[in-house]
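Descriptive analysis of the structure
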2 protein chains.
Amino acid sequence: MITLNSPLPLGHGDAVLAFDVGGTDMKSALFAGDGTMLGLTRTPTPLAGAETPQAVVAVAREIAAGYAARFPEVTPRAAGILVPGLVDDENGIGVFSSNLGWRDAPFRQLGEAGLGMPVAFSHDVRGAGEAEFRLGAARGALDAAVLVIGTGIAGAFFIDGKPHLAGGYAGEIGHSIVIPDGPECPCGGRGHLEMLASAGAIVRRYAELSGETLDGARAVLQRAQAGDATAQAVWDGAVYALALGISQVVTIIAPEVVVLGGGLAQAGPALFEPLERTLDGMLTFHRRPRLIGAQIGEDAGLLGAALRARDLSATTEHGA
Amino acid sequence: MITLNSPLPLGHGDAVLAFDVGGTDMKSALFAGDGTMLGLTRTPTPLAGAETPQAVVAVAREIAAGYAARFPEVTPRAAGILVPGLVDDENGIGVFSSNLGWRDAPFRQLGEAGLGMPVAFSHDVRGAGEAEFRLGAARGALDAAVLVIGTGIAGAFFIDGKPHLAGGYAGEIGHSIVIPDGPECPCGGRGHLEMLASAGAIVRRYAELSGETLDGARAVLQRAQAGDATAQAVWDGAVYALALGISQVVTIIAPEVVVLGGGLAQAGPALFEPLERTLDGMLTFHRRPRLIGAQIGEDAGLLGAALRARDLSATTEHGA
């Protein structure tokens, strides 16, 4: 893990504001010109139905005012805002979030009006993935995939050095079919990776087979390591499904690196060793990606928001 | 189908040579400055083991000399050469072809020495796909997939307006796992799309179930349309597998358009209608691509080679 209180890894550039809006909390920080992260704060995401975007921007504005008072020597030139759901980066629109209740919310416009500065707007996993791609585990690769495996599974893909957007629709690897006759997904599909290999799926599957609901995928892994055959079968099934999902990415875009982040990736060798072996058994002439754990910690989203804000600020200054 | 004897669809530009090298035949043509295709010729691909690349270039050189004699008013400024197998476009290397017997063949260098002009080198399906992308069915799209379904299945992917290469490893959708416990593939894998949905697979599967080997996938389709339940089940299975393969492309790269070419796509509505329905049933919130039949005929490869040669010639002239 990189310690974010050091000036690295962001490096030098304009001071910027960063907001990473989640389903329950939003995280905020001010990045100074030397890359130091200041005033990291976590506040509840204000839930106001269709008005949630306005409420989020109002909170961001308050936090920015607080930074201005506490750090008067640091003047941010731009802000980065990341949100979950379906996001149209290019047009600055929060297209849809089932958890947070918006549809076609003009986040960038609201943010620029509220904060009085240029706003870069993107998706939470794409933002965090971009931090891994530019500053972390996938640094130096041209083609890379970043998979975040927690309660669900989401991906960010980088092609020829740039995030692949497809109007916000790219990277939905959690909702790719890996076992065609597999379990139903709440989204309406069947056999999706997220239903088989996410931390949530591991807990659910173990409960179905054993009748016992454990507190997280790590607890299932611990049971497996202690010799519980049911837990082992559940863990192996998740690894198999994840290898299938990664094999799809390999055949279609052939990334040099696949970065695994999120809670499940913290299992370390208990995940990576069988995963590498299973994937290797599935591939033949395909290009084998390096499988690497995420290197930037839970603040990757903030760092990604800061990167985007700096990119924007650099463009704006150069008169584009 | 576009009639290639008209000056369209290539349009105006430098005169160029185009060679599309297949497993049994190689096709050659000279494209005039107004885009007219001249002297289309099909000759056997010279098979000389590891010396095949040199033999191919020698044939290309002879053909070019013939064009110079027949069309003295047309002076090609560059050539495009497409080959099958694993191809590194950027370095001009034929990395591997099991059918044609080469490994790490420096095609671009051999071609430039033999033909005495700049040579653009690429993969046959990527070249044909590029013709569809720039001049045919996917014209105007930023993100597109072109799937060629014949004896095997290969793909070409275009992302943000450009072919996705990944060092030659991208687009191997024929060797993506769609049914994890499906049949073995000669490449060593299992459940690959190509083993389930190619024209070859349809004939093979029907023979397994009925004991009768028909002459092509179209004959299986005709049986199905005449009420043969076994043929119908084979056809439906192929459509289902193809929908699974396309759904992987949709979740990972979310193309606006999926172009289907090759022999199987000529089945028209008998393929496209059930495919569209099956794919639609698999997708939920994903971006639905338009499914379109290839518009440029069997000479798409030559046209793609010509496009690449013209790109190169334009770059060379402008001093890059």
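Here the structure is a predicted model, which means the values were calculated and not measured.

Further remarks concern the confidence of the model for chain A. Residues at a pLDDT of 70 or more form 96% of chain A, whose mean pLDDT is 93. pLDDT under 50 marks residues 1-7 of chain A. Its contacts with residues more than four places away, or in other chains, come to 20 contacts.

Moving on: the interface of chain B and chain A. Facing the 37 residues of chain B at the interface are 37 residues of chain A. Here chain B and chain A share an interface that buries about 3,000 Å² over both sides, 66% of which is from carbon and sulfur atoms. Among the residues of chain B in contact with chain A, Tyr169, Ile252 and Phe285 of chain B are the three that bury the most area, contributing 22% of the side total. For the interface between chain B and chain A, the tally reads two salt bridges. Between Asp160 of chain B and Lys162 of chain A there is a salt bridge, with its nearest N and O atoms 3.2 Å apart. Those elements that provide at least two residues to the side of chain B that touches chain A are β10 (153-159) and α7 (229-253) of chain B. With eight residues, α7 of chain B is the largest single contributor of residues to the side of chain B that touches chain A. Residues of the side of chain B that touches chain A, tallied by class, amount to 19 nonpolar, 13 polar and five charged.

Attention shifts here to the domain arrangement of chain A. Residue and element names in this part refer to chain A. Parsing chain A into structural domains produces domain 1 (16-129 + 298-317) and domain 2 (140-293). Computed over C-alpha atoms only, the centres of domain 1 and domain 2 are separated by 28 Å. Contact with domain 1, which involves nine residues of that partner, is made by 13 residues of domain 2. Contact with domain 2 buries surface across domain 1, with Leu86, Val125 and Arg126 losing the most and accounting together for 55% of the total. The interface formed by domain 1 and domain 2 contains zero residue pairs in polar contact (both at pLDDT 80 or more). For the side of domain 1 that touches domain 2, the secondary-structure elements that each account for two or more residues are β5 (86-88) and α3 (124-135). Class assignment for the residues of the side of domain 1 that touches domain 2 results in three nonpolar, one polar and five charged.

A side chain with one charge can pair with a side chain of the opposite charge if their charged atoms come near. This model, assessed by the stated rule, comprises 28 salt bridges over all chains. Ionic pairing is found between Asp299 of chain B and Lys27 of chain B, a salt bridge with its closest N-O pair at 2.7 Å. In this pair, Asp299 of chain B sits in the loop between β13 (290-293) and α9 (300-317) while Lys27 of chain B sits in strand β2 (residues 25-31), placing the two residues 272 residues apart along the sequence. Of the two residues, Asp299 of chain B and Lys27 of chain B, both sit in the buried class. Notably, a salt bridge pairs Asp89 of chain B with Arg308 of chain B, separated by 3.1 Å at the nearest N-O pair. With Asp89 of chain B in the loop between β5 (86-88) and β6 (93-97) and Arg308 of chain B in helix α9, the pair connects residues that are 219 residues apart, well separated along the chain. Taken individually, Asp89 of chain B and Arg308 of chain B each receive the classification buried, so the pair is uniform in this respect. Residues participating in the shared-partner salt-bridge network are Asp89, Arg126, Glu130, Arg134, Arg308 and Asp311 of chain A.

The subject of this paragraph is the environment of Gly136 of chain B. All names here are of chain B. Considering the arrangement of structural elements, one finds Gly136 in the loop between α3 (124-135) and β9 (144-149). For Gly136, a relative accessible area of 2% corresponds to the buried category. Separated by 39 residues in sequence, Gly136 and Ser97 have C-alpha atoms that sit 28 Å apart. Among residues more than four places away in sequence, those in contact with Gly136 are Ala131, Gln295 and Ile296.

Attention now goes to the sheet that holds strand β12 (residues 257-261) of chain A. All names here are of chain A. Judged by pairing direction, the sheet is mixed, and its five strands sit side by side in the order β11-β10-β9-β12-β13 without closing on themselves. Across the chains shown, the open sheet's two edge strands, defined by having one partner strand only, are β11 (162-163) and β13 (290-293). Here β12 runs beside β13; their pairing, made up of four bridges, is parallel. Bridge assignment links Leu260 to a residue of β13, and that residue is Gly293. Contacts between helix α7 (residues 229-253) and the sheet are confined to β9 (144-149), β10 (153-159), β12 and β13, with β9 contributing the most and set at about 160° to the helix.

Reading the values: rules and limits
- Residues numbered from 1 in each chain as written.
- Chains lettered and ligands numbered in written order.
- Predicted model: local features only at pLDDT ≥ 70, side-chain atom pairs only at ≥ 80, totals over all residues.
- Heavy atoms only, no water.
- pLDDT = per-residue confidence, 0-100.
- Contact = heavy atoms within 4.5 Å.
- Buried area = accessible area lost by both parts, 1.4 Å probe.
- Salt bridge = Lys/Arg side-chain N within 4 Å of Asp/Glu carboxyl O.
- Helix = DSSP H or I, 4+ residues; strand = E, 2+ residues; numbered from the N terminus.
- Nonpolar A, V, L, I, M, F, W, Y, C, P; charged D, E, K, R; others polar.
- Domains from an automatic or database assignment.
- Polar contact = N/O pair within 3.5 Å; in protein donor to acceptor, adjacent residues only side chain to side chain.
- Buried < 20%, exposed > 50% of the residue type's maximum accessible area, 1.4 Å probe, protein only.
- Pairing = 2+ DSSP bridges.
- Axes fitted to C-alpha atoms, helices over the stretch in contact; angles between N-to-C directions.

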